[in-house]
Amino acid sequence: MRRLLTGILAALILLTLAACGSEKTDAGNDGKEEDSATVNGVVNCMGDFLVLLTDDGTYQVFDFGEDVDQGRLEEGNSVTVTYTGELGSEDPVPVAVSVEKTDAV
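Please read all numbers here as calculations on a predicted model, not as lab measurements.

The rules behind each value
- Residues numbered from 1 in each chain as written.
- Predicted model: local features only at pLDDT ≥ 70, side-chain atom pairs only at ≥ 80, totals over all residues.
- Heavy atoms only, no water.
- Salt bridge = Lys/Arg side-chain N within 4 Å of Asp/Glu carboxyl O.
- Buried < 20%, exposed > 50% of the residue type's maximum accessible area, 1.4 Å probe, protein only.
- Phe/Tyr/Trp six-rings, centres within 6.5 Å; stacked < 30°, edge-to-face > 60°.
- Helix = DSSP H or I, 4+ residues; strand = E, 2+ residues; numbered from the N terminus.
- Contact = heavy atoms within 4.5 Å.
- Pairing = 2+ DSSP bridges.
- Axes fitted to C-alpha atoms, helices over the stretch in contact; angles between N-to-C directions.

Draft legend 1. Fine view of the pattern of salt bridges. Summed over the entire model, instances satisfying the criterion amount to two salt bridges. Here Asp 69 makes a salt bridge to Arg 72, at a shortest N to O gap of 3.7 Å. Judged by relative accessible area, which is 36%, Arg 72 ranks as partly exposed. Salt bridges sharing common partners tie together Asp 69, Arg 72 and Glu 100.

Structure follows, in structure tokens:
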């Protein structure tokens, strides 16, 4: 009986450690594996989200990623937005992971 309990306890410890390791790995990979793309345009409106008037004349809405410094941006700035997600999607809205000012052409 004691060997059985020891075996069960060892198995539970291994499963717990394996689960903890895989959670960290999955969380780290999700953010890194997601494809990103870029789009150029002019900041049309800022608030809790970014509205960009793209170079092709469409409006695109983005949530801000946690590393985006919104304090450097103003309406009217020409920018390149690196984002994850799909342009035009409302659920979920694409996320701007980087917004860099560009020279207006």
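Draft legend 2. View of the packing of aromatic side chains. Counting across every chain of the model gives one aromatic pair. Ring centres of Phe 62 and Tyr 83 lie 5.5 Å apart, and the angle between their planes is 55°; this geometry places the pair in the tilted category. Of this pair, Phe 62 sits in strand S3 (residues 59-64) while Tyr 83 sits in strand S4 (residues 78-84); the two residues are 21 residues apart in sequence, bridging distant segments of the chain. Here Phe 62 and Tyr 83 have matching classes, each one buried.

Draft legend 3. Just the environment of Asn 44, in detail. Locating Asn 44 in the fold gives a position in strand S1 (residues 36-46). Spatially, the C-alpha atom of Asn 44 lies 8.4 Å from that of Tyr 59, the residues being 15 residues apart in sequence. Dropping the residues within four chain positions of it, Asn 44 is found in contact with Val 51, Leu 52, Leu 53, Tyr 59 and Glu 75.

Draft legend 4. Fine view of the sheet that holds S1. Read around the barrel, five strands follow the order S1-S2-S3-S5-S4 and close on themselves; strand pairing throughout is mixed. Each neighbouring strand pair of the sheet contributes to a mean axis angle of 50°, computed without reference to strand direction.

Draft legend 5. Representation of the pairing of S3. Where burial is concerned, the two faces of S3 differ: the one with Gln 60, Phe 62 and Phe 64 is buried and the one with Tyr 59, Val 61 and Asp 63 is not. In this structure, strand S2 (residues 49-54) lies alongside S3, joined through five bridges in antiparallel fashion. Looking across to S3, one finds that Val 51 is bridged to Val 61. Remark: four residues form the turn of the hairpin made by S2 and S3, two consecutive strands paired antiparallel; Gly 57 in that turn has positive phi of roughly 90°. Here two bridges tie S3 to strand S5 (residues 95-101), and the two strands are oriented parallel to one another. Paired with Asp 63 across the bridge in S5 is Val 95.

Draft legend 6. Representation of the pairing of S1 in the model. Here S1 pairs with S4 via seven bridges, running antiparallel. Bridge pairing in S4 places Gly 41 opposite Val 79. Bridge count for S1 against S2 is five bridges, and the pairing is antiparallel. Counterpart to Val 42 in the pairing with S2 is Leu 53. Two successive antiparallel strands, S1 and S2, enclose a turn made up of two residues.

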